[in-house]
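Inside the fold
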Amino acid sequence: MEQKIHQGRNVKRFREMLNIKQEALAYDLGEDWNQKKISMLEQKDVIEDNLLKQISAVLKIPVEAFQNFDEEHAVNIIANTFHEGAVANNSGYINCTFNPIDKIVQIHEEKIALYERMLKEKDEMMQRLEKLIDK
């Protein structure tokens, strides 16, 4: 027996994963929305496509994720893919291809150059303002 995907529950899962409150989602969806309406939406088995597109845009998650995500299926994949200690056993030697100190120095020099450009632009702006005041 094929289990039907509950789109409302998927909206709730993704919203919670993103740590977004119902009130915040309601605010982003527009004036017609409030926390209670979001709660009712999350209880619906199927959500209209145009509404799913709006929610998708707000949460920045593809519409297909709401339509196709099946928690049970995902848990089965994870359980069958990862075994106890699988992550811990992957602690091999990492070969760094750049010198971190050189990168820090490069970033520092870029920051100084940016600061100098900003000071120059500020000075130019002050000169223009002084000319405008003198007129």
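Keep in mind it's a predicted model, so treat the numbers as computed, not measured.

A tally of regular secondary structure across the chain gives seven helices and zero strands. When the helices and strands of the chain are read in sequence order from the N terminus, they spell out α-α-α-α-α-α-α. The buried share among the 135 residues of the chain stands at 19%. The long-range share in the chain, meaning contacts at least 24 apart out of those at least 6 apart in sequence, stands at 63%. Carbon and sulfur atoms make up 55% of the accessible area of the chain, which totals about 11,400 Å².

Applying the stated criterion across every chain yields a total of four salt bridges. The salt bridge involving glutamate 48 is made with lysine 44; its shortest N-O contact spans 2.9 Å. Given a relative accessible area of 31%, lysine 44 falls into the partly exposed group. Aspartate 123 is paired through a salt bridge with lysine 122; the nearest N and O atoms lie 3.5 Å apart. The class for aspartate 123 is partly exposed, based on a relative accessible area of 39%.

Ranked by internal contacts, the top residues of the largest apolar core, which has 17 residues, are Val11, Trp33, Ile55 and Phe66. Where this core is concerned, the elements lending two or more residues are helix H1 (7-17), helix H2 (22-29), helix H3 (35-41), helix H4 (49-59) and helix H5 (63-68). Among the elements that make up this core, the one with the highest residue count is H4 (four residues). Residue contacts for valine 11: discarding those within four places in its chain leaves Leu25, Glu42, Ile47, Leu52, Ile55 and Phe66.

To continue, consider the side chain of arginine 15. With respect to the element layout, arginine 15 can be found in helix H1. Classification of arginine 15 by relative accessible area gives buried; the value is 6%. Ignoring any residue separated from it by four or fewer positions in sequence, one finds arginine 15 in contact with Ile20, Lys21, Gln22, Leu25, Glu42 and Leu59.

By the element assignment, asparagine 10 lies in helix H1. Among the polar contacts made by the side chain of asparagine 10, one reaches the main-chain carbonyl oxygen of phenylalanine 66 at a distance of 3.0 Å. Excluding its chain neighbours within four sequence positions, the residues that come into contact with asparagine 10 are Ile5, Ala65, Phe66 and Phe69.

According to UniProt, the positions carrying the feature "coiled-coil region" (unreviewed entry) are residues 105-135. Strand forms 0% of residues 105-135 and helix 97%; the C-alpha atoms that close the span are 46 Å apart.

Here lysine 4 lies in the segment before H1. Separated by 41 residues in the primary sequence, lysine 4 and aspartate 45 place their C-alpha atoms 8.4 Å from one another.

Attention now moves to the environment of isoleucine 5. Within the secondary structure, isoleucine 5 is located in the segment before H1. Taking the C-alpha atoms as reference points, isoleucine 5 and glutamine 67, 62 residues apart in sequence, are found 7.0 Å from one another. Sequence-distant contacts of isoleucine 5, that is, excluding residues within four places in its chain, are made with Asn10, Asp45, Phe66, Gln67, Asn68, Phe69 and Asp70.

Our next topic: the packing of aromatic side chains. Enumeration according to the criterion identifies one aromatic pair in this entry. Look at phenylalanine 14 and phenylalanine 66: their rings are 5.5 Å apart centre to centre, the planes differ by 90°, and that puts the pair in the edge-to-face class. Separated by 52 residues along the polypeptide, phenylalanine 14 in helix H1 and phenylalanine 66 in helix H5 bring together distant segments of the chain. Neither phenylalanine 14 nor phenylalanine 66 differs from the other in exposure class; each is buried. When the ring centre of tryptophan 33 is taken as origin, the NZ or CZ atom of lysine 37, which lies over that ring, is 4.5 Å away.

Conventions used here
- Residues numbered from 1 in each chain as written.
- Predicted model: local features only at pLDDT ≥ 70, side-chain atom pairs only at ≥ 80, totals over all residues.
- Heavy atoms only, no water.
- Helix = DSSP H or I, 4+ residues; strand = E, 2+ residues; numbered from the N terminus.
- Buried < 20%, exposed > 50% of the residue type's maximum accessible area, 1.4 Å probe, protein only.
- Contact = heavy atoms within 4.5 Å.
- Areas by Shrake-Rupley, 256 points an atom, 1.4 Å probe, with all protein chains shown as cover.
- Salt bridge = Lys/Arg side-chain N within 4 Å of Asp/Glu carboxyl O.
- Core = buried A, V, L, I, M, F, W, Y, C linked by side-chain atoms within 4.5 Å.
- Polar contact = N/O pair within 3.5 Å; in protein donor to acceptor, adjacent residues only side chain to side chain.
- UniProt positions renumbered as here; feature names shortened; annotations may be inferred.
- Phe/Tyr/Trp six-rings, centres within 6.5 Å; stacked < 30°, edge-to-face > 60°.
- Lys NZ or Arg CZ within 6 Å of the ring centre and 35° of its normal.

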